[in-house]
Amino acid sequence: MYEKEIEQAKEQLRKIDSPQTLEEFRVRWLGRKDGMVTQAMKKIAELPKQERAEAGQSANRFKSIIETEFELVKQQLEQATHKQTVVDPTWPGTVPPSGSIHPVTQMIFKIWEVFSDMNFKICEGPEIETDWNNFEALNVPKHHPARDMQDTFYTPGGFLLRTHTTATNARVILGEQRKSPIRILSTGKCYRRDSSLRHSPMFHQFDGVMIDKDISMSNLKWTLEVALSKTLEQEIKVRLRYSYFPFVEPGAEFDVTCTICAGSGCAVCKHSGWLELGGCGMLHPNVLRNLGLDPKEVQGWAFGFGIERPMMIKHRIPNIRLFFDNDPRFLSQFQAPSV
C-alpha cells in the first residue's frame, strides 16, 4: 500500500529548491490537520478490526519513509544555503550605528561657550557635598525652614547629595583668595526629592555668581537676558518675580515666555504662559561674610537655573523625563558629532 503516494512524494522532493517549497511540501504531506500522512493514519480507525493491524503497519511505513526523505532534503537545502552565506573574513565589517552627545551635554557645552565669552570662570565640583558648602555658608543654618524647599538625600558621615551647584561656587570662593572681581559659573548634577511633570529627582543645573563693587540687579537682569538669548539662539521675553531665597536679598524668580503654548497656557507652564527657569538675586550679606568677603566693600548676585529647562524651551519639549528615558527615537533628533 501507498507505493504510488511514496513515489509521488519522492518526485516532488527532487524538485524542491527553496525553503518555501519545502514548507509547502511539509504542509501537504506531513501537516497535522490535512496532511496526506495524517489522513492515512485517520483512515485506520474506520477499517474493520481485523484489517487495522496490517493497515497500521503500512501507514507507519508510509509515514516513516516520507519523514526520512523530507529530513534528507531539508538537510541538503540547509547545507546549500550555508555555503551561500559563508562570510569571508577579509570583507570589511559592518559598521554599527554611532552614538552622539546627549542633548543635555550639548546644552552644557553651549552654556560654557556663552559664559566663557562673558569672562566667567567655568567650574565643576563633587556631587557629594558638605552641609556647610550646600547650606550653612549660603545662609541656611540647621533646622531653618528653608531647607524644606530643597529636601535632599543625606549620606552617612554628615554628607549629602548637593541640591544646587551653588555649593560649588561656595567651595571655589572659599578655596581661593576671596578677592573681587569674581565671576564663576558651575555646572553639574543636583538631587532633590521631586518627580513631577516639570521636575526630576536628579537634574542638571548651571549656577553663576558675580561679586564686585557697585554690582546691582540691573547688572543681573542684563547678564541673564543676553546670556539666555545667546544660549537659546532666539530673542526672549523675560520677567523677574519677587521670591524668597535665603541666600539672596532681594530675590526673584526668572521667567521666560512658554514656548510650548506660546504664552496661552498649558500643563507644562501650569497655565500661566510663563516658564520658570530658576531663582536669582543679590547675595545676602551673611553669605558674603561666610565667604570671607566684606559686604560693605563689595556686592554680588547669583542665579541658579536647570539645564534641562532651557533645552525644553528651545526645542518645545513637554516632559523633562524624556531626557532620561534613553529612547533612541527621542535622542536621535539632537544628533551632534561624538567626541
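Right above here is the structure, for reference.
Residues numbered from 1 in each chain as written. Predicted model: local features only at pLDDT ≥ 70, side-chain atom pairs only at ≥ 80, totals over all residues. Heavy atoms only, no water.

Caption draft 1: Highlighting the pattern of salt bridges. Evaluation of the coordinates by the stated rule reveals 13 salt bridges. Glutamate 129 is paired through a salt bridge with arginine 171; the nearest N and O atoms lie 2.9 Å apart. Taken together, the positions of glutamate 129 in strand 2 (residues 128–130) and arginine 171 in helix 7 (residues 166–175) put the pair 42 residues apart, joining distant regions of the chain. The closest approach of N and O atoms between aspartate 131 and lysine 142, which form a salt bridge, is 3.6 Å. Here aspartate 131 is found in helix 6 (residues 131–134), whereas its partner lysine 142 is found in the loop between helix 6 and strand 3 (154–155), with eleven residues between them in sequence. Beyond isolated ion pairs, a larger network of salt bridges with shared partners links Glu11, Arg14 and Lys15. (Salt bridge = Lys/Arg side-chain N within 4 Å of Asp/Glu carboxyl O. Helix = DSSP H or I, 4+ residues; strand = E, 2+ residues; numbered from the N terminus.)

Caption draft 2: Structural view of the nonpolar core. Phe115, Phe206, Phe254 and Phe303 are the most contacted members of the largest nonpolar core, which has 43 residues in total. Among the secondary structure elements, those contributing two or more residues to this core are helix 5 (103–117), strand 6 (202–212), helix 8 (217–232), strand 8 (248–257), strand 9 (274–283), strand 10 (299–306) and helix 10 (308–315). Per-element accounting of this core gives the leading share, six residues, to helix 5. If sequence neighbours within four positions are ignored, phenylalanine 303 has contacts with Phe115, Leu185, Phe206, Asp207, Gly208, Leu224, Gly279 and Cys280. Judged by nonpolar contacts, the second largest core, of 23 residues, contains Leu138, Ile211, Leu288 and Leu293. (Core = buried A, V, L, I, M, F, W, Y, C linked by side-chain atoms within 4.5 Å. Buried < 20%, exposed > 50% of the residue type's maximum accessible area, 1.4 Å probe, protein only. Contact = heavy atoms within 4.5 Å.)

Caption draft 3: Inspection of the packing of aromatic side chains at higher detail. The final tally for this structure, using the stated rule, is 16 aromatic pairs. On the basis of an interplanar angle of 40 degrees and a centroid distance of 6.4 Å, the ring pair of phenylalanine 120 and tryptophan 301 is categorised as tilted. Within this pair, whereas phenylalanine 120 is found in the loop between helix 5 and strand 1 (121–123), its partner tryptophan 301 is found in strand 10, the two being separated by 181 residues in sequence. With respect to burial, phenylalanine 120 and tryptophan 301 carry one shared label: buried. One aromatic cluster in this structure is built from Phe115, Phe120, Phe206, Phe254, Trp301, Phe303 and Phe305. (Phe/Tyr/Trp six-rings, centres within 6.5 Å; stacked < 30°, edge-to-face > 60°.)

Caption draft 4: Representation of helix 7 in the model. Burial runs high along helix 7: seven of the ten residues are buried. Taken together, the buried positions of helix 7 are occupied by Thr166, Ala167, Thr168, Asn169, Ala170, Val172 and Ile173. Looking at the buried positions of helix 7, the neighbouring elements they touch are strand 1, strand 2, helix 6, strand 5 (182–191) and strand 6.

Caption draft 5: Here's a closer look at unusual backbone geometry. Omega for the peptide link from glutamate 249 to proline 250 comes to 0 degrees, which places this bond in the cis form. Mapping proline 250 onto the fold places it in strand 8. A positive phi angle, close to 65 degrees, is found at asparagine 139, a residue other than glycine. Structurally, the position occupied by asparagine 139 is in the loop between helix 6 and strand 3. One non-glycine residue, histidine 143, lies in the positive phi region at around 65 degrees. Structurally, histidine 143 can be placed in the loop between helix 6 and strand 3.

Caption draft 6: Geometry of the packing of helix 5 against helix 10. Running from N to C, helix 5 and helix 10 cross one another at 100 degrees; their axes reach a closest spacing of 9 Å. The angle between the axes of helix 5 and helix 10 places the two elements in the roughly perpendicular class. Contacts between helix 5 and helix 10 involve Pro103, Val104 and Met107 on the former and, on the latter, Glu308, Pro310, Met311 and Lys314. In the contact of helix 5 with helix 10, the residues fall into five nonpolar, no polar and two charged. (Axes fitted to C-alpha atoms, helices over the stretch in contact; angles between N-to-C directions. Parallel < 35°, antiparallel > 145°, perpendicular 65-115°, else oblique. Nonpolar A, V, L, I, M, F, W, Y, C, P; charged D, E, K, R; others polar.)

Caption draft 7: Representation of the state of the cysteines in the model. The final tally for this structure, using the stated rule, is zero disulfides. Left unpaired, cysteine 190 is separated from the closest cysteine sulfur, that of cysteine 123, by 14 Å. Using a relative accessible area of 0% as the deciding quantity, one classes cysteine 190 as buried. (Disulfide = S-S within 2.5 Å.)

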